[in-house]
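Residue-level listing of the chains:
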Amino acid sequence: MSPRSRAALLSDPATIRRQFPLLARTRLHYLDSAATAQMPEVVIAALQNFGTTLRANVYGGVYKLAREALAEYEAARADVARFLGAASPQEVVFTYGTTSALNLLAHSFGERLREGDEIVLSILEHHSNTLPWRALARRRGAEIRVLPMTPEGRLDLASLKDVVTAKCRIIALTHCSNVTGALTNVAEIVGSARAVGAAVVLDGAQRAPHGPLDLQELGIDFYAFSGHKTFGPTGIGVLWGRGDRLADMPPFMVGGQMIRRVTPETAEFADPPRRFEAGTPPIGAAIGLGAAIRWMEGLDWGAVANHERRLTGRLLEALAGLKRVRVIGPVTTEQRRGVVSFTVSGMGSEQVCRRLDAYGLALRHGHHCAQPLMLTLGIEGAARASIAPYTTEDDIDQLVAGLAEIAR
Ligand code: PMP
């Protein structure tokens, strides 16, 4: 956790918002942070600083600049480890995003699956937490079992007892749905997994932007998230794995930077995390992510969560009053984050978002990389508004006013 005293933590939404140059420069109502969050000034400065004072490759250089670049890269790893509650920075693997973290995992940890083994996913998953596992199942002759959802749009954990069998090796689920915003009760999943010796993988892409975690306490095995959703740069992400799990895993990509010794015939690989970081990593982006993590640690997350919950409640309540609008997901603020998807009857989600764009409202439309979920719901897609620490009441009120206009 942050070493800062509580009093020094940032809690005022207006002060937080002022730290985002892009938001300060425009009148845009940016309601698409679940796709990509904006970057605060300190992150932009860290990227600039990398380009002007630090840029060098990270391994194999003994000159001062290379040592400084490496020190900052490893400091960013330590920042991420602290944010996640990891046992050590060596448990943090830098990837290019959530998608690349989950593909790495399926290709590395997954390769030891045998024919007939089972992988449990849910109907709520993003394609990034579905397709790598399906491809793995095809390669290894494994079976996919799918956890359904409740009518409210949450993982149906009551079905765990039917879906998780003694053959289950991996349970890979979302920590927070990018469509319904529902938060996952991890303890129940870990309980089911332990009973059969399966590993638990959480897709944290939508949870990590909402404050520090304690992954050791959660008792899971792997966690993935993206830098660009946690107020950092694009092109960087994280795979966290428990040390004993990572130590046991073969590399996915092979090449430079990840070896111990290569002869004309053989190769020995470095220990984690380097074993999983083949080639030159996104050095500047990792350093930028470190700055984003430190920025997040400077926020009073109790106050930020209250702010986000208040805005989410305000939006849900207003949407409930609009006749043609239907919310996809929980309609209260209980156990959910401010990711709010909805449909407008008689209008496609693209048309809804195009019309909202005319009012300066930036929302995402479509299937949100969760087509199986859309098929299950019998809809083409949904419009989605997502709430961040810098979102204002005015953003929400303008959205409601715009929707009231177009749904008239
Ligand atoms: N999982 C979830 C739940 C997501 O919301 C996203 C981003 N839309 C991803 C995975 C994929 O993240 P990325 O595109 O950064 O790899």
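Residues numbered from 1 in each chain as written. Predicted model: local features only at pLDDT ≥ 70, side-chain atom pairs only at ≥ 80, totals over all residues. Heavy atoms only, no water.

### Examining the sheet that holds strand β12 (residues 339–344)
The strand order β11-β12-β14 describes an open sheet built from three strands, whose pairing is antiparallel. Each having just a single partner strand, β11 (325–328) and β14 (383–386) make up the two edges of the open sheet. Across the sheet, the mean angle from the axis of one strand to that of its neighbour is 30 degrees, orientation sign disregarded. Bridging between β11 and β12 involves four bridges; their strand directions are antiparallel. Bridging across to β12, Ile328 finds its partner in Ser341. (Pairing = 2+ DSSP bridges. Helix = DSSP H or I, 4+ residues; strand = E, 2+ residues; numbered from the N terminus. Axes fitted to C-alpha atoms, helices over the stretch in contact; angles between N-to-C directions.)

### So, the packing of aromatic side chains
With the rule as written, the count across this model stands at eight aromatic pairs. An aromatic cluster of at least three residues, connected via ring pairs, comprises Phe20, Phe231, Trp295 and Tyr390. Stacked on the ring of Tyr59, the Lys or Arg Arg274 has its end atom at 3.5 Å from the ring centre. (Phe/Tyr/Trp six-rings, centres within 6.5 Å; stacked < 30°, edge-to-face > 60°. Lys NZ or Arg CZ within 6 Å of the ring centre and 35° of its normal.)

### Thoughts on the sheet that holds strand β4 (residues 143–147)
Here seven strands make up an open sheet; going across it, the order is β2-β8-β7-β6-β5-β3-β4 and the pairing mixed. Among the strands making up the open sheet, the edge pair consists of β2 (92–95) and β4. Taken pair by pair, the neighbouring strands of this sheet meet at an average axis angle of 20 degrees, ignoring direction. As paired elements, strand β5 (residues 168–174) and strand β6 (residues 199–203) share five bridges and run parallel to each other. Its bridge partner lying in β6, Leu173 is registered against Leu202. In the packing of helix α6 (residues 131–140) onto the sheet, contacts are made with β3 (118–122), β4, β5 and β6, and the angle to β3 comes to roughly 160 degrees. The strands touched by helix α8 (residues 186–196) within the sheet are β5 and β6, with β5 carrying the most contacts at an inclination of about 170 degrees. (Contact = heavy atoms within 4.5 Å.)

### Side note on the site of the ligand
Residues in contact with the ligand, as listed here, are Thr98, Thr99, His126, Ser128, Asn178, Asp203, Ala205, Gln206, Ser226, His228 and Lys229. Asp203 is positioned such that a nitrogen or oxygen atom in its side chain is 2.6 Å from a nitrogen atom of the ligand. Interatomic distance of 2.7 Å between a side-chain N/O atom of His228 and an oxygen atom of the ligand. Starting from 400 Å² of accessible surface for the ligand in isolation, the protein chains cover 84%. Taken together, the residues of the shell around the ligand sort by class into one nonpolar, eight polar and two charged. (Near = heavy atom within 4 Å. Polar contact = N/O pair within 3.5 Å; in protein donor to acceptor, adjacent residues only side chain to side chain. Areas by Shrake-Rupley, 256 points an atom, 1.4 Å probe, with all protein chains shown as cover. Nonpolar A, V, L, I, M, F, W, Y, C, P; charged D, E, K, R; others polar.)

### Brief notes about the environment of Glu111
Looking at the secondary structure, you find Glu111 in the loop between α5 (98–108) and β3. Since its relative accessible area comes to 27%, Glu111 is described here as partly exposed. Spatially, the C-alpha atoms of Glu111 and Arg139 are 8.5 Å apart, while their sequence positions differ by 28 residues. When neighbours within four sequence positions are excluded, Glu111 is seen to be in contact with Ala106, Leu136, Arg139 and Arg140. (Buried < 20%, exposed > 50% of the residue type's maximum accessible area, 1.4 Å probe, protein only.)

### Topic: the pairing of β2
Neither face of β2 is exposed, since Val92 and Phe94 on one face and Val93 and Thr95 on the opposite face are all buried. Relative to strand β8 (residues 237–241), β2 runs antiparallel, the two sharing four bridges. Pairing of Val93 across the sheet is with Leu239, part of β8.

### Digging into the nonpolar core
Ranked by internal contacts, the top residues of the largest apolar core, which has 73 residues, are Val80, Leu84, Phe94, Ile171, Ile220, Tyr223 and Leu289. The contact partners of Leu84, leaving out residues within four places of it in the chain, are Leu213, Asp214, Leu215, Tyr223, Phe225, Val238 and Trp240. With 26 residues, the next largest nonpolar core counts Leu31, Leu316, Val325 and Leu356 among its residues. (Core = buried A, V, L, I, M, F, W, Y, C linked by side-chain atoms within 4.5 Å.)

### Things to note about the side chain of Thr343
Its location among the elements puts Thr343 in strand β12. Accessibility expressed as a relative area gives 16% for Thr343, which makes it buried.

### Some details on helix α15 (residues 393–406)
Over its 14 residues, α15 extends 20 Å from the first C-alpha to the last, a length consistent with the 20 Å expected when each residue adds 1.5 Å. Among all positions of α15, only Asp395, Ile396, Leu399, Val400, Gly402, Leu403 and Ile406 are buried. Projected onto a plane normal to the axis of α15, the buried residues spread over an arc of 165 degrees and lie on a single side. (Expected span 1.5 Å × (residues − 1). Arc of directions from axis to C-beta.)

### Points about the domain arrangement of the protein
When the parts of a complex come together, some accessible area is lost, and that lost area is often taken as the interface size. When cut into domains, the protein gives domain 1 (3–30 + 300–407) and domain 2 (47–297). One C-alpha centre belongs to domain 1, the other to domain 2; they are set 27 Å apart. At the junction of the two partners, domain 1 supplies 30 residues and domain 2 supplies 28 residues. Counting each side, the surface lost to burial between domain 1 and domain 2 is near 2500 Å², with a carbon and sulfur contribution of 60%. Scanning the region where domain 1 abuts domain 2 turns up zero salt bridges. Applying the counting criterion to the domain 1 and domain 2 interface returns 14 residue pairs in polar contact (both at pLDDT 80 or more). Elements with a contribution of two residues or more to the side of domain 1 that touches domain 2: α12 (301–320), β12 and α14 (371–377). Among the elements that line the side of domain 1 that touches domain 2, the one with the most residues is α14, at six residues. (Domains from an automatic or database assignment. Buried area = accessible area lost by both parts, 1.4 Å probe. Salt bridge = Lys/Arg side-chain N within 4 Å of Asp/Glu carboxyl O.)

### Topic: the state of the cysteines
By the definition in use, this model includes zero disulfides. Take Cys353: it sits in no disulfide, and the sulfur closest to it among the cysteines is that of Cys369, at 14 Å. Overall, Cys353 belongs to the buried group, its relative accessible area being 7%. Judged by relative accessible area, which is 31%, Cys369 ranks as partly exposed. (Disulfide = S-S within 2.5 Å.)

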